There are 2 protein chains.
Amino acid sequence: MSTLDMIEAAAIRLNGHVRETPILTSPFLDEIAGRRVLIKPECLQHTGSFKFRGAWSAISALDDAAGKRGVIAFSSGNHAQGVAYAAAQHGVSSVIIMPSDAPKLKIDNTRALGAEVVLYDRAKESREEIGEALASERGLTLIRPYDEPQVIAGQGTTGLEIARQAKDLGVTEADVLICCGGGGLTSGIALALEEHAPGLRARPCEPEGFDDVKRSLASGSIQNNNATSGNICDAILTPQPGQITFPILKRLCGPGFSVSEQEAMHAVALAFLRLKIVLEPGGAVSLASALFRKDEIEGDAVVVVASGGNVDPQVFRQALEFLT
Amino acid sequence: MSTLDMIEAAAIRLNGHVRETPILTSPFLDEIAGRRVLIKPECLQHTGSFKFRGAWSAISALDDAAGKRGVIAFSSGNHAQGVAYAAAQHGVSSVIIMPSDAPKLKIDNTRALGAEVVLYDRAKESREEIGEALASERGLTLIRPYDEPQVIAGQGTTGLEIARQAKDLGVTEADVLICCGGGGLTSGIALALEEHAPGLRARPCEPEGFDDVKRSLASGSIQNNNATSGNICDAILTPQPGQITFPILKRLCGPGFSVSEQEAMHAVALAFLRLKIVLEPGGAVSLASALFRKDEIEGDAVVVVASGGNVDPQVFRQALEFLT
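Given the structure is predicted, the values throughout are model-derived calculations rather than measurements.

Focus on the overall build of chain A
Part 1: Per the secondary structure count, chain A includes 14 helices and nine strands.
Part 2: For chain A, whose C-alpha radius of gyration is 18 Å, the value lies close to the compact-globule estimate of 20 Å for 324 residues.
Part 3: Viewed in the frame of its principal axes, chain A has a C-alpha envelope of about 55 × 45 × 40 Å.
Part 4: Within the span of chain A, comprising 324 residues, buried residues form 57% of the whole.
Part 5: Nonlocal contacts in chain A, meaning residues at least 24 apart in sequence, comprise 75% of its contacts between residues at least 6 apart.

This is the structure we're talking about:
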């Protein structure tokens, strides 16, 4: 089965369970960007991010015996919520390993969505050791956040929707800007576009200082970040592109973008004002790239995947200061 | 032509120009409401509210000669932006009469959307006199915000979408909670549901102290509000139900709801947290009714029309304090 076949098979399993997010537009954003901007708001997806797609894809692909044993994931963020909710909807038990200093709201949400949350001490314990012990004891299946074919296939369904929706709006040639951490969403979309909308080109967007994918694409080999924390775009900070995702990115993507924290926050504010959607900074680096890197983009239209909206109210309040 | 025929004709004219907004859900909101909550986020409509539907309907129904002369509207809010943008997209000129003390952002937005804005001094001038002079001098067509059959027909297309989308989600019996000012949206939706989803019942939602529609429905005759300002839900403060809308509301709607400013603001905060959408307080009274008036609702599901998202950043920041 090719990866494209896996995306199309995932789309069938996801149908009726994952929300087809609309395309939003605003003449005010077109004006800033200097071209038509089509926004795909995955913040409106179940659990507030695209991660639900990949989680649903992976869990719905389990055989009955694996489903009965349950799944496990390491995450303090969007992947955790996606896995917890998708598992609960399948009647599959889930264990999420989270750091004990994660925000209480995220821990509470993940539990409320049906997961067993196992906390660990970042300073003293290894989440991998705890996870491996639990997984082997209970026979749990690990759901990786991006380097996992069924997860990539699920994220790729976003690309199938973009291909169809952009065509309906008369856009068949454009860059598609995608917030990029480990590359699961970007590689999945790139594969879907290759087949269904060859005039649309995936381009990853990252925070400045954490632009491992941009640098890896430029150099042709996997580059690391110096750190994986210390930026407001916390949802998309990863050490390096994935082993599975990078070859796909290298084959199919255009050059990457990087934006500052200020630019990401400004894009959050403009999405509030002009689109009436809630983005987290890490879910807005694509919009920031469209608005503030217009010379690096070609064509008279651009597609923006706004990937998530799980933002702390305090951070959102700060972003709104850009409007005063 | 019956009003239902007008709604269906409007739907054809609106197709491809008005956004079909999705249905959003959250298990966290279901928990608070004690039943399934299906949210129709019209804040995601062009210009940030359902008003664009009615404006498009009215302008697309003009004959060529009237279109060449142009349109006029009185509004400092959502109706102004809807008329300005719909007119511009039709190549029709628009004049919007706004008070000179309206927020600068709203004046700027309305101009940027293509309208000629005429300011008047609330204390010294009559907007009706200014408007009538301009309309007769230039032959402009007045687009009333709710007591206008083509506007009601346009708003009613929201009801056609709800009928289809709720059925797809297995909901055929439920109350449909709608933010209500003069009753254009509520009456349009009620008419569409009567024919296409007879198990769905429209129910108007208003701010406490400005619940003219609720009291009018209870008494069977048109009741007034004592004031038309002084509430944070400014988008839906009207003196009384319309002459055209009230008979429709009386025939088709269930009892009204009224909620406090605090409850509306709390609903704005929960829509941010759980749905990742931006609502203005006047666009959130329906959600507030679903969450905080559950004993007044029947059935195991409720539909909520979240009608607009044009909120000042300062007001939104205040609403977020409910989350801390």
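Some words on the sheet that holds strand β2 (residues 71–74) of chain A
The strands making up a sheet associate through hydrogen bonds between their backbones, and the pairing can be parallel or antiparallel.
All names here are of chain A.
Part 1: If you trace the four strands from one edge of the open sheet to the other, you get β4-β3-β2-β5, paired in parallel fashion. Every other strand in the sheet has two partners, leaving β4 (116–120) and β5 (141–142) as the edge strands with one partner each.
Part 2: In this sheet, strand β3 (residues 94–99) lies alongside β2 in parallel orientation, the contact comprising four bridges. Each residue of the ladder has a partner; that of phenylalanine 74, found in β3, is isoleucine 97.
Part 3: Along the sheet, helix α5 (residues 78–90) makes contact with β2 and β3, crossing β3 at roughly 160°.
Part 4: In the packing of helix α7 (residues 127–138) onto the sheet, the strands contacted are β2, β3, β4 and β5, and the crossing angle to β2 comes to about 180°.

Looking at the sheet that holds strand β4 (residues 116–120) of chain B
Residue and element names in this part refer to chain B.
Part 1: With respect to topology, four strands assemble into an open sheet ordered β4-β3-β2-β5, the strand pairing being parallel. Both outer strands of the open sheet, β4 and β5 (141–142), are each paired with one neighbouring strand and no more.
Part 2: By the bridge criterion, five bridges tie strand β3 (residues 94–99) to β4 in an arrangement that is parallel. Paired with isoleucine 96 across the bridge in β4 is valine 117.
Part 3: On top of the sheet, helix α7 (residues 127–138) reaches β2 (71–74), β3, β4 and β5; it is set at about 180° to β2, its chief contact.

Structural notes on the interface of chain A and chain B
Part 1: On the side of chain B, 19 residues touch chain A, which itself brings 19 residues to the contact.
Part 2: Sort the elements by how many residues they give to the side of chain A that touches chain B and helix α14 (residues 313–320) of chain A lands first, with four residues.
Part 3: Split into classes, the residues belonging to the side of chain A that touches chain B amount to 13 nonpolar, three polar and three charged.

Some points on the packing of helix α3 (residues 51–60) of chain A against helix α8 (residues 149–168) of chain A
Residues and elements named next belong to chain A.
Part 1: The interhelical angle for the contact between α3 and α8, taken along N-to-C directions, is 130°, at an axis separation of 7 Å. The orientation of α3 relative to α8 falls into the category oblique. Judged by the twist between their axes, the crossing of α3 over α8 is right-handed. Residues Arg53, Gly54, Trp56, Ser57 and Ala58 of α3 form the contact with α8, whose own contacting residues are Gln150, Val151, Ala153, Gly154, Gln155, Thr157 and Thr158.

As for the environment of glycine 308 of chain A
Residues and elements named next belong to chain A.
Part 1: Take glycine 308: it is sitting in the loop between β9 (301–306) and α14.
Part 2: As a C-alpha pair, glycine 308 and isoleucine 244 span 64 residues in sequence and 23 Å in three-dimensional space.
Part 3: When neighbours within four sequence positions are excluded, glycine 308 is seen to be in contact with Glu42, Cys43, Gly48, Ser49, Phe50, Asn78, Ala235, Glu280, Gly282 and Gly283.

Let's talk about unusual backbone geometry
Residues other than glycine predominantly adopt negative phi, and peptide bonds predominantly adopt the trans conformation.
All names here are of chain A.
Part 1: In this structure, lysine 276 takes a positive phi of about 65° despite not being glycine.
Part 2: Topologically, lysine 276 is positioned in the loop between α12 (261–275) and α13 (285–292).
Part 3: Exposure remark for lysine 276: the 28 C-beta atoms within 10 Å place this residue in the buried category.

What about the domain arrangement of chain A?
One frequently used descriptor of interface size is the decrease in accessible area upon assembly of the parts.
Residue and element names in this part refer to chain A.
Part 1: Along its sequence, chain A is carved into domain 1 (3–49 + 148–323) and domain 2 (52–142).
Part 2: Taking only C-alpha atoms, the centre of domain 1 and the centre of domain 2 are 24 Å apart.
Part 3: Each partner contributes to the interface: domain 1 provides 22 residues, whereas domain 2 provides 14 residues.
Part 4: Going through the elements one at a time, α1 (3–14) and α8 are the ones with two or more residues in the side of domain 1 that touches domain 2.
Part 5: Element by element, the count of residues in the side of domain 1 that touches domain 2 is highest for α8, at seven residues.

Topic: the confidence of the model for chain A
Part 1: On average, chain A scores 96 in pLDDT, and the residues at 70 or more come to 100%.
Part 2: Confidence estimates for the predicted assembly give a pTM of 0.97 and an ipTM of 0.96.

Looking at the relation of the copies chain A and chain B
Part 1: You can overlay chain A on chain B at an RMSD of 0.0 Å; the transform is a turn of 180° with a shift of 0.0 Å along its axis. Look at the turn and shift together and you get a two-fold axis relating the two. Considering only C-alpha atoms, the residue of chain A closest to the rotation axis is isoleucine 277 of chain A, which sits at 2.3 Å.
Part 2: Taken as a fraction of all interface residues of chain A, those also at the interface in chain B reach 100%, which identifies the copy contact as same-surface.

Here's the deal with helix α6 (residues 104–112) of chain B
Owing to its 3.6 residues per turn, the α-helix aligns residues three or four sequence positions apart on the same side.
All names here are of chain B.
Part 1: Within α6, burial applies to Lys106, Ile107, Asn109 and Thr110. The buried residues of α6 occupy an angular sector of 165° when the element is viewed end-on, so they sit on one face. Exposed positions of α6 whose direction lies more than 90 degrees from the buried face are Lys104 and Asp108.
Part 2: Lining the buried residues of α6 we find α5 (78–90), β3 and β4.
Part 3: Glycine 114 sits one or two positions beyond α6 and adopts a positive phi of about 115°.

Quick notes on the packing of helix α1 (residues 3–14) of chain B against helix α8 (residues 149–168) of chain B
Residue and element names in this part refer to chain B.
Part 1: With their axes 8 Å apart at the nearest point, α1 and α8 run at an angle of 75° to one another. Put simply, α1 runs roughly perpendicular to α8. Contacts between α1 and α8 involve Thr3, Met6, Ile7, Ala10, Ala11 and Leu14 from the first element and Pro149, Gln150, Ile152, Ala153, Gly154, Gly156, Thr157 and Leu160 from the second.
Part 2: For the contact of α1 with α8, the per-class residue count stands at nine nonpolar, five polar and no charged.

A word on helix α10 (residues 212–219) of chain B
Part 1: Within α10 of chain B, burial applies to Asp212, Val213, Lys214, Ser216 and Leu217 of chain B.
Part 2: Lining the buried residues of α10 of chain B we find β7 (200–207), α11 (245–252) and β8 (257–259) of chain B.

Focus: the environment of glycine 159 of chain B
Residues and elements named next belong to chain B.
Part 1: With respect to the helices and strands, glycine 159 occurs in helix α8.
Part 2: With 30 C-beta atoms counted inside 10 Å, the residue glycine 159 sits in the buried group.
Part 3: Through-space distance from the C-alpha of glycine 159 to that of isoleucine 189 is 4.2 Å; in sequence the pair is 30 residues apart.
Part 4: If near-sequence neighbours (up to four positions away) are discounted, glycine 159 is found in contact with Gly188, Ile189, Leu191, Ala192 and Leu193.

Observations concerning the environment of aspartate 121 of chain A
Part 1: For aspartate 121 of chain A, the position within the fold is in the loop between β4 and α7.
Part 2: As a C-alpha pair, aspartate 121 of chain A and serine 100 of chain A span 21 residues in sequence and 5.7 Å in three-dimensional space.

Cut-offs applied
- Residues numbered from 1 in each chain as written.
- Chains lettered and ligands numbered in written order.
- Predicted model: local features only at pLDDT ≥ 70, side-chain atom pairs only at ≥ 80, totals over all residues.
- Helix = DSSP H or I, 4+ residues; strand = E, 2+ residues; numbered from the N terminus.
- Rg over C-alpha atoms; globule rule 2.2 N^0.38 Å.
- Buried ≥ 20, exposed ≤ 12 C-beta atoms within 10 Å, placed from the backbone.
- Contact = placed C-beta atoms within 7 Å.
- Pairing = 2+ DSSP bridges.
- Axes fitted to C-alpha atoms, helices over the stretch in contact; angles between N-to-C directions.
- Nonpolar A, V, L, I, M, F, W, Y, C, P; charged D, E, K, R; others polar.
- Parallel < 35°, antiparallel > 145°, perpendicular 65-115°, else oblique.
- Left-handed = near helix turned anticlockwise from the far one by under 90°.
- Domains from an automatic or database assignment.
- pLDDT = per-residue confidence, 0-100.
- Least-squares fit on C-alpha atoms with pLDDT ≥ 70 in both.
- Arc of directions from axis to C-beta.

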